[in-house]
Amino acid sequence: MKLNTLEIGAAYVRVSTDDQAELSPDAQIRVIQDSAKADGFIIPTEFIFMEKKGISGRKADNRPEFQKMIAVAKSQSPSPFKRLYLWKFSRFARNQEESIFYKGILRKKCGVEIKSVSEPVADGMFGRLIETIIEWFDEYYSINLSGEVLRGMSEKALRNGYQASPCLGYKAVGDGKPFIINEQEYAIVEFIFRYYHDGHDLTAVARECNRRGYHTKRGNPFERRTIDRILRNQFYMGIVEWNGIRFQGTHEIRPCVTDIFQANLDRLTQEFRPLKRREVSSCRHWLSGILVCGTCGASLSVNVSNNHKKRPDTFQCWRYAKGHHTGSCSISVHKAESTVLESLKCVLNTGNIEFEYTIPVDEKQSEAKATIEAALSRLAVKELRIRDAYENGIDSLDEYRMNKKRLQAERDSLNQELENFTPQKSDIPPSVQKAEIMKSIRSAYNLISNPDIEYEVKGMALRRIVKKITYHRDENRMEFHYYI
């Protein structure tokens, strides 16, 4: 008597949310099991790979069960399963490029057949042609769907449907219904509107929010721009906006915010003076970009006063100005200028200075070095990719080792080239180095102390001898970093 031996098969199941005619996961598995049984295949439970509902087929990297299925197929030779069953070819992928790539892995490297139970195709070249045409239609459907979704969302907005991400103080309930208030978050919104209305500026509001431990909708600390966006958000007045569509919403709004919204907005409008902004390329002060905060290391920006009798021009840490930290690093422009000139003069009189000597590099050599460093950075990305390919089961251990060895050889070659650009120890005697820097300091001092010289020239002169000047406000001390 002849006994029939059942072959081992596998099933890949994916259910998207865009196809209303699609079978449920259980229904897909049932149809696949029936088809496999008729073909003489059995599909063990561990070889049923089912994605969570709603996962897109456009990107294979976003489908963990798909990656697991490929890894299992490549785990041994021959593959643990001989045939992969799908309900439709579109379940495998809706990106033809990825579909061809992964089907090639299964068919050529693993010897796995692929069958769609609802789209039977003949064997041979004609069958492959039909399968390719189906893939084309699937990809077209996916691309066309994104446009249909956008049109549907626009129509939903025109019908006063809610679909944008809720702002601070609200949460969504779904189905286009009006957002409802999140009491804990709305208390923060109320505080922001009230605190600004009481006369505090945007920075003070952000700093106070951070001091109280409040966070934005995304869990980040508050800063000046965040407060500005909240105070200007018309949603708190009942206006809903999405992609240029605007309508009067029906969500709950509260007088604690609406009563002072317009007053706050008027104040914001009055305080906003874009015409006084300087060009990015202009030099606001010759210490700009050189003077840094001793608390966080950020640059101190210059603030020009409108009334020098009441308040002088000052330098202040821009991160403090946006509410990122509490320790002020303010110093008047006059005091900063006097201190820098006094320091340079002291160095010239005493000759006491510690500095770092940097060997000048040719411009062409500098560009070549930058090219090599960029290539090394790209190598690091490639190494992450081959490791991911191995961990996801796309590449075998031998393939991973071979690729890693190839990249390491390339890295060694680039590092060898990079050594040619590494500055060696200077053969210039320290006494000559010191004489050079003292000469540069004297030249810079003469330019900076001259009131008729433009800021750009002064700034360039100071940058030739100083890397940065760190201002420690708590210690009332400036720390100069010289180089030549």
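Before reading on, note that the structure itself is shown above.
Here we summarise the structure given alongside this text. No experiment lies behind these values; they were computed from the predicted model shown. (Residues numbered from 1 in each chain as written. Predicted model: local features only at pLDDT ≥ 70, side-chain atom pairs only at ≥ 80, totals over all residues. Heavy atoms only, no water.)

Moving on to the overall build of the protein chain. Of regular secondary structure, the protein chain possesses 15 helices and 16 strands. Expressed as a percentage of the 484 residues in the protein chain, the buried residues total 39%. In the protein chain, 64% of the contacts between residues at least 6 apart in sequence involve partners at least 24 apart. Here the protein chain displays about 29,200 Å² of accessible surface, and carbon together with sulfur accounts for 51% of that area. (Helix = DSSP H or I, 4+ residues; strand = E, 2+ residues; numbered from the N terminus. Buried < 20%, exposed > 50% of the residue type's maximum accessible area, 1.4 Å probe, protein only. Contact = heavy atoms within 4.5 Å. Areas by Shrake-Rupley, 256 points an atom, 1.4 Å probe, with all protein chains shown as cover.)

A separate point is the nonpolar core. Generally speaking, nonpolar side chains in soluble globular proteins are found buried as a group. Membership of the largest hydrophobic core comes to 35 residues, with the highest contact counts inside it found for Ile-469 and Tyr-482. With near-sequence residues (within four places) excluded, Ile-469 lies in contact with Leu-287, Ile-290, Leu-291, Val-292, Val-340, Leu-462, Met-478, Glu-479 and Phe-480. If you look at the next biggest cluster of nonpolar residues, it comprises 31 residues, including Cys-167, Val-189, Cys-209 and Phe-247. (Core = buried A, V, L, I, M, F, W, Y, C linked by side-chain atoms within 4.5 Å.)

All right, on to a nonpolar patch on the surface then. Among the surface-exposed residues, Leu-6, Ile-8 and Ile-42 lie close enough to one another that they form a single nonpolar patch of about 240 Å² accessible area. Here Leu-6 is to be found in the segment before β1 (7-13). (Patch = residues over 30% accessible without salt bridge, like charges linked within 9 Å, V, L, I, M, F, W, Y side chains within 5 Å. Salt bridge = Lys/Arg side-chain N within 4 Å of Asp/Glu carboxyl O.)

Moving on, we come to the packing of aromatic side chains. Aromatic rings in a pair are described by how distant their centres are and how their planes are angled relative to each other. Tallied over the full model, the rule gives 16 aromatic pairs. Each ring, one from Tyr-12 and one from Phe-66, has its centre 5.4 Å from the other, and the planes form 75°; the classification is edge-to-face. Taken together, the residues span a long stretch of sequence, with Tyr-12 in strand β1 and Phe-66 in helix α2 (residues 64-74) at a distance of 54 residues. For the residue pair Tyr-12 and Phe-66, the accessibility class agrees, reading buried in each case. Taking 5.0 Å as the distance between ring centres and 25° as the angle between the ring planes, the aromatic pair formed by Phe-191 and Tyr-195 counts as stacked. With Phe-191 and Tyr-195 both in helix α6 (residues 183-197) and 4 residues apart, this pair spans about one turn of that helix. One aromatic cluster is present, formed by Tyr-162, Tyr-170, Phe-179, Tyr-186, Phe-193, Phe-235, Tyr-236, Phe-247 and Phe-261 through successive ring pairs. Looking at Arg-63, its charged tip hangs above the ring of Phe-66, at a distance of 4.2 Å from the centre. One cation-aromatic arrangement involves Arg-254 over Tyr-186; the distance from NZ or CZ to the ring centre is 5.3 Å. (Phe/Tyr/Trp six-rings, centres within 6.5 Å; stacked < 30°, edge-to-face > 60°. Lys NZ or Arg CZ within 6 Å of the ring centre and 35° of its normal.)

So, on to the pattern of salt bridges. A full pass over the atoms with the stated rule returns 15 salt bridges. In this structure, the salt-bridge partner of Arg-83 is Asp-39, at a minimum N-O distance of 3.1 Å. Of the two residues, Arg-83 sits in strand β4 (residues 83-86) while Asp-39 sits in helix α1 (residues 25-39), which places them 44 residues apart along the sequence. The buried category is assigned to Arg-83, whose relative accessible area is 15%. Residue classification places Asp-39 among the partly exposed residues on the basis of a relative accessible area of 32%.

Here we take up the pairing of strand β8 (residues 239-242). Sheet topology places β8 next to strand β9 (residues 245-248); 4 bridges connect them, and they run antiparallel. Within β9, the residue paired with Val-240 across the bridge is Phe-247. Where β8 folds back on β9, the antiparallel hairpin that results is connected by 2 residues, among which Asn-243 adopts a positive phi of roughly 50°. (Pairing = 2+ DSSP bridges.)

Let us look at the side chain of Asn-403. Tracing the backbone shows Asn-403 in helix α13 (residues 397-419). With near-sequence residues (within four places) excluded, Asn-403 lies in contact with Ile-386 and Asp-395.

Another aspect to go through is helix α9 (residues 255-271). Residue pairs spaced three or four apart in an α-helix point in one direction, given the helix's 3.6 residues per turn. In this model α9 runs 25 Å from its N-terminal to its C-terminal C-alpha over 17 residues, within 8% of the 24 Å that 1.5 Å per residue would give. The sharpest bend along α9 comes to roughly 40°, located at Phe-261. Buried residues along α9 sit against α6, α7 (202-211) and α8 (224-232). (Expected span 1.5 Å × (residues − 1). Bend = angle between axes of the 7 residues up to and from the residue.)

Relative to the elements of secondary structure, Tyr-236 occurs in the loop between α8 and β8. Taking the C-alpha atoms as reference points, Tyr-236 and Cys-167, 69 residues apart in sequence, are found 9.1 Å from one another. Filtering out sequence-adjacent residues up to four positions away, Tyr-236 remains in contact with Cys-167, Leu-168, Tyr-170, Tyr-186, Val-189, Phe-193, Ile-230, Ile-253, Val-257 and Thr-258. Within the structure, Tyr-236 has its side chain in polar contact with the backbone oxygen of Leu-168 (distance 2.6 Å). (Polar contact = N/O pair within 3.5 Å; in protein donor to acceptor, adjacent residues only side chain to side chain.)

With that settled, consider the packing of α8 against α9. Running from N to C, α8 and α9 cross one another at 130°; their axes reach a closest spacing of 9 Å. Taken together, the axes of α8 and α9 lie oblique to each other. Taken as a pair, α8 and α9 cross one another with a handedness that is left-handed. Two secondary-structure elements touch here, α8 through Asp-228, Leu-231 and Arg-232 and α9 through Phe-261, Asn-264, Leu-265 and Leu-268. Taken together, the residues of the contact of α8 with α9 sort by class into 4 nonpolar, 1 polar and 2 charged. (Axes fitted to C-alpha atoms, helices over the stretch in contact; angles between N-to-C directions. Parallel < 35°, antiparallel > 145°, perpendicular 65-115°, else oblique. Left-handed = near helix turned anticlockwise from the far one by under 90°. Nonpolar A, V, L, I, M, F, W, Y, C, P; charged D, E, K, R; others polar.)

Another point: the pairing of strand β11 (residues 300-303). Because side chains alternate across β11, one face comprises the buried residues Leu-300 and Val-302, and the other comprises Ser-301 and Asn-303, none of which is buried. One ladder, built from 4 bridges, connects β11 with strand β12 (residues 314-317); its direction is antiparallel. Its bridge partner lying in β12, Leu-300 is registered against Cys-317.

Here we have 3 strands laid out as an open sheet, ordered β11-β12-β13, and antiparallel in their pairing. A strand with exactly one partner marks an edge of an open sheet, and here the two such strands are β11 and β13 (331-332). Pairing of β12 with β13, which is carried by 2 bridges, proceeds in the antiparallel orientation. Across the sheet, residue Thr-314 finds its bridge partner in β13, namely Ser-332.

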